[in-house]
Amino acid sequence: MPVSLGYIVQRLFLTLIVVLGVVTIVFIATRIIPAHPEFLWAGPHATEEQLRKAREELRLDEPIIVQYVYYLKSLLQGDLGVSWRTRNPVLKDIISALPGTLELAITGFAIGIALGLPLGLLAALNYGGFIDKIVRTSTIAGSAIPIFWAALIFQLVLAIKLGLLPGGHRIDPSLAIVTGFKPITGFYTLDTLLIGRLDLFIDVVKRLIMPSLIVAIYPMSLTARMTRSLALESLQEDFVRNLRSWGVSDSTIIRRYVLKFIIPPLVASLGLSFGYTLVGAFLVEVIFAWNGLGMYIVMAILSYDYPAIIGGIMIVAIFYTLINAFVDILHAHIDPRVRL
Amino acid sequence: MTAPWKSLLHFIPYLKSDVLGLFGLTVIAAFILVGITAPYIVPYPEDAWGSTYNVERRLQPPSRSHIFGTDEYGRDVFSRVVLASRFSLIIAVSVVTLSLIIGILVGLIAGYWGGPLATTLMRVTDMFLAFPSLLLAIAFASILGRGLFNLIIALTIAWWPWYARLVYVQVNSVKNMPYVEAARVSGLSSTTILVKYILPNSLTPATIQAFLDMGGAVLEAAALSFVGVGVKPPTPEWGLMISEGWHLIGTAWWVSLFPGLALFFTVLGFNLLGDAFREYSNPKTRRLLESRGVKL
Amino acid sequence: MKDPMLVVKNLKVSYKLKDRVVRAVRGVSFKLVEGQSLCIVGESGCGKSTLGYAISVSLPPNAVIEEGEILVNGVNILKTDPVTVRGKLVSLIPQDVGAALSPLNTIGEVFADVLGSIGGGRDSSLKVASDILKSLGFSDPQRILKSYPHELSGGMLQRVLIALAISLNPKVIIADEPTSMVDASLRREVVDLINTIRYNYSVTTIIITHDIAIAPSLCDITAVMYAGKIVEIGPSKSLIEKPLHPYTKMLSKSIPRIMKLVELKPIPGLPPDLGSPIKGCPFAPRCPDVVGDLCYNVEPEEYRAGGRSVYCHLYGGASHDTISA
């Protein structure tokens with residue numbers, strides 16, 4: 001059942017307004033709140049000459065509204081400034097870091113849903129019972145774990161103490177040099193397969209396991225909890241009892257009836273949680289020296305590289321807004337009840 | 001009239017049958033108590049505040065005199081973990097209170113008066129909600145610079161929109177309740193109606209939510225300190241302490257492990273109580289609890 | 001005399017709630033032969049629905065069968081895997097037509113899953129389904145199978161539900177308030193349909209209803225339930241024309257009669273709380289003919305007369321012959 005074009009246009013228009021809001025908030029935060037925005041722009045060790053140039057670039061001597069117009073104009077041209085740590089245009093850095101983050105976040109997200117959905121169903125079917133209590137407790141515990149700490153402890157136990165899995169990096173650095181590995185898409189699992197190097201692929205997958213499992217904790221807890229409460233609601237419906245009384249097995253009822261009620265609202269709320277999974281992945285990246293956006297932003301923070309910090313965060317917020325819009329449209333597409 | 005308060009009154013007796021919720025409440029009570037008394041109960045108060053450097057006992061593993069071991073500066077980790085609860089408590093209470101006040105003002109104005117002002121306010125709220133809250137907080141914290149006060153401001157900027165939305169929705173639903181309608185018809189002034197009817201009924205859910213959100217505030221504050229935009233060293237703060245032990249993880253795991261455990265259990269306490277409250281106040285699960293689908 | 005198809009022996013069902021136990025069915029026994037039909041009549045909360053769920057093996061998870069047995073064709077269904085019982089030995093015609101089917105699945109999908117539970121592919125299942133629908137008077141079964149519940153009228157849905165209930169040829173069918181959710185014009189049709197399947201499939205039927213008026217047109221036997229027990233049971237016609245138990249008398253008086261302007265009398269008072277123990281006759285506090293201490297202290301036993309049974313002290317010592325069923 002497709003959604004109307006009108007709905008999509010309306011939703012995209014709303015997205016555009018929110019994106020404008022996001023860049024405006026960033027403008028206020030970086031140009032109006034600080035007393036000397038040029039210090040942020042040129043870095044802590046800037047010379048007088050560099051500061052003067054920065055003032056000129058940002059047009060700080062002109063009225064705020066003029067600054068704002070030029071700010072929007074440069075954003076439209078993809079100009080987020082230059083990172084003084086890497087000396088690259090910020091946008092270029094972000095684009096090269098994004099695939100690393102996405103590979104980690106998407107894998108973790110997928111693992112989380114794949115584990116959380118059956119757990120939630122199991123809990124609902126055993127409402128109030130032992131399994132339900134276990135699932136309920138562990139999902140609550142899952143959302144209380146500080147993800148960066150969990151990453152550190154996993155690294156300590158699995159990598160350092162037991163040596164089961166590599167403790168960091170997306171690919172073995174020396175192996176990458178020896179083989180002359182160059183990313184194509186930036187998704188290393190894909191790239192190693194594209195160049196037909198199974199040994200590299202296995203190395204990349206091994207390195208992906210631990211961080212993605214940690215990233216999966218949050219979406220798994222959320223999926224399990226949502227599924228549980230949605231399933232509890234559906235299982236109380238008359239039609240479930242009726243199907244049972246006509247001899248349809250519980251597994252068929254779940255698979256072919258209850259899931260139809262669970263999936264659409266689940267998609268809606270999980271879509272929103274992808275943003276949080278992404279931010280969770282950032283913190284995990286830092287621990288595992290994982291070359292991605294999170295590492296990039298944290299390195300920028302540690303070296304007071306403001307164009308990189310602000311640009312990175314702004315791009316993520318815009319990305320997040322677009323995901324929300326996409327999820328809304330997808331939700332309307334699969335759930336006839338929400339359509340306007 | 002104030003149904004939410006009534007439901008809160010019954011919540012405490014209900015907890016007797018919810019072991020996990022009761023555990024959560026206990027942990028929270030302990031957290032608050034320790035937060036208040038921390039400086040007087042720690043074995044090494046000077047270490048706790050972070051002003052010491054004891055070369056002779058650097059990086060000692062847990063022992064009888066230092067049950068959580070010592071850190072790079074020879075400070076007693078246990079003392080610091082305990083005192084950190086006070087800073088977490090200060091941050092959580094401040095962030096949640098400030099966010100709640102802003103949220104209530106915005107939500108109430110937008111919800112009660114409506115019109116173009118309401119639309120504008122809620123649009124602005126939505127724009128703030130477009131950021132994952134942790135990222136927005138990181139952005140502001142990095143601009144404002146490190147420090148306890150700036151950390152609180154940055155987190156508040158990221159948090160208030162949630163309460164604004166909650167209060168707005170609540171005011172909108174209370175506004176059209178029959179008893180408010182009746183008050184209006186009987187000629188009560190709009191301020192009286194606001195203070196006597198709308199405020200109490202729309203603030204309770206937000207306040208309860210805010211209390212339960214304190215766990216989240218503790219967690220986000222720790223994350224900010226961990227990435228280097230939170231409190232300044234040598235402040236004892238769980239996120240910062242985990243970060244200080246990060247590069248020592250292979251040799252002195254205790255420096256990071258114990259602050260993390262404290263952080264985990266505190267947040268867990270709030271989450272457990274929050275979950276028990278949700279389970280208790282959700283009419284759907286409530287019906288299940290009471291009747292378990294019984295039809296006689 | 002034929003062997004009984006359905007035997008319910010001293011059945012006791014209770015619900016475990018958080019802080020107490022509610023005894024919904026407190027010892028019910030009866031027998032039905034093949035093709036016979038029984039109406040169970042009572043106010044809401046008397047345990048009639050619980051009895052129906054127990055016989056159709058679809059009690060909610062917190063219900064406990066404390067005692068008794070249910071034999072269908074000689075098989076104790078309480079000691080058998082429910083999967084081999086549901087739909088195949090006993091089946092249910094649900095109450096609320098509007099909520100009885102999933103709004104997101106077509107009628108055909110439901111038939112495929114119901115018929116699929118005894119094996120057999122989707123196509124053959126749909127073939128069987130279309131035959132059943134045809135036998136129940138649908139001229140275009142293919143269209144029905146492709147429809148979603150909201151695309152069908154209440155009367156059509158009622159027939160679809162009956163078709164689903166009989167699709168696996170059960171021996172016993174329980175209809176839960178089949179006439180309560182349909183309007184008056186459809187009531188006749190529903191009664192006719194249930195009678196049709198009763199005769200065509202010679203299936204034993206149990207009708208659960210609060211409306212004693214429909215009993216004579218649907219059922220050979222009527223049982224009146226009160227506070228988890230049968231208080232009177234007997235052939236429908238004579239039971240309604242000449243009720244013995246004071247409760248049955250009051251129920252009959254609450255029937256609106258066409259052509260006869262009788263004053264409708266609602267029954268005063270409330271049924272007892274099944275969560276606490278009951279002493280004496282449960283109806284005593286509401287009974288107009290209560291005979292003093294005896295009713296309040298001693299639970300009445302069964303008294304039989306003219307093929308009927310009644311549990312009331314008014315008939316003490318009048319036991320003559322046995323009940324026919």
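Residues numbered from 1 in each chain as written. Chains lettered and ligands numbered in written order. Predicted model: local features only at pLDDT ≥ 70, side-chain atom pairs only at ≥ 80, totals over all residues. Heavy atoms only, no water.

**As for the interface of chain B and chain A**
With 53 residues of chain B at the contact, the number on the chain A side is 52 residues. The largest share of the area that chain B buries against chain A comes from F131, L135 and I143 of chain B, three residues that together contribute 13% of it. The interface formed by chain B and chain A includes 1 salt bridge. Its salt-bridge partner being R136 of chain A, residue D275 of chain B comes within 2.5 Å of it at the nearest N-O pair. (Contact = heavy atoms within 4.5 Å. Buried area = accessible area lost by both parts, 1.4 Å probe. Salt bridge = Lys/Arg side-chain N within 4 Å of Asp/Glu carboxyl O.)

**Details of the pairing of strand β1 (residues 4-16) of chain C**
Remark: a regular strand shows side chains that alternate across the two faces of the sheet. Residue and element names in this part refer to chain C. Summarising the sheet, β1 and strand β2 (residues 21-33) pair through 10 bridges and their orientation is antiparallel. When the sheet's bridge partners are listed, V7 is paired in β2 with K31. In terms of strand pairing, β1 meets strand β4 (residues 63-72) through 8 bridges, oriented antiparallel. In the strand pairing of β4, V7 is matched with L71. (Pairing = 2+ DSSP bridges. Helix = DSSP H or I, 4+ residues; strand = E, 2+ residues; numbered from the N terminus.)

**A word on the sheet that holds β1 of chain C**
Across a sheet, paired strands are connected by hydrogen bonds in the backbone, their directions being either parallel or antiparallel. All names here are of chain C. The 4 strands lie next to each other as β2-β1-β4-β5, forming an open sheet whose pairing is antiparallel. Bordering the open sheet on either side are β2 and β5 (75-76), each of which pairs with just one other strand. Lying on the sheet, helix α1 (residues 48-55) is in contact with β1, β2 and β4; it crosses β1 at an angle near 120 degrees. (Axes fitted to C-alpha atoms, helices over the stretch in contact; angles between N-to-C directions.)

**Describing the confidence of the model for chain B**
Residue and element names in this part refer to chain B. Predicted confidence across chain B gives a mean pLDDT of 86, with 92% of residues reaching 70 or more. When mean pLDDT is compared element by element in chain B, helix α10 (residues 238-246) scores highest at 94, while helix α12 (residues 283-291) scores lowest at 52. Ignoring residues within four places in sequence, the model shows residues 289-296, a span with pLDDT below 50, making 27 contacts including any to other chains. (pLDDT = per-residue confidence, 0-100.)

**A short note on the pairing of strand β10 (residues 229-235) of chain C**
Residue and element names in this part refer to chain C. Counting buried residues along β10, 5 of its 7 residues qualify, which places the element largely inside the surrounding structure. In this sheet, β10 lies alongside strand β9 (residues 221-226) in antiparallel orientation, the contact comprising 6 bridges. By the bridge assignment, M225 is partnered in β10 with I230. (Buried < 20%, exposed > 50% of the residue type's maximum accessible area, 1.4 Å probe, protein only.)

**With respect to the pattern of salt bridges**
Applying the stated rule across the entire model yields 34 salt bridges over all chains. Linking D132 of chain A and R228 of chain A is a salt bridge whose minimum nitrogen-to-oxygen distance equals 2.7 Å. Placement of the pair is D132 of chain A in helix α6 (residues 130-144) and R228 of chain A in helix α10 (residues 198-235), with a sequence separation of 96 residues. With a relative accessible area of 3%, D132 of chain A lands in the buried category. Exposure remark for R228 of chain A: the relative accessible area of 7% places this residue in the buried category. Between E302 of chain C and R304 of chain C there is a salt bridge, and its shortest N-O distance comes to 3.2 Å. The partly exposed category is assigned to R304 of chain C, whose relative accessible area is 26%. The network of salt bridges with common partners includes D71, R75, R80 and E244 of chain B.

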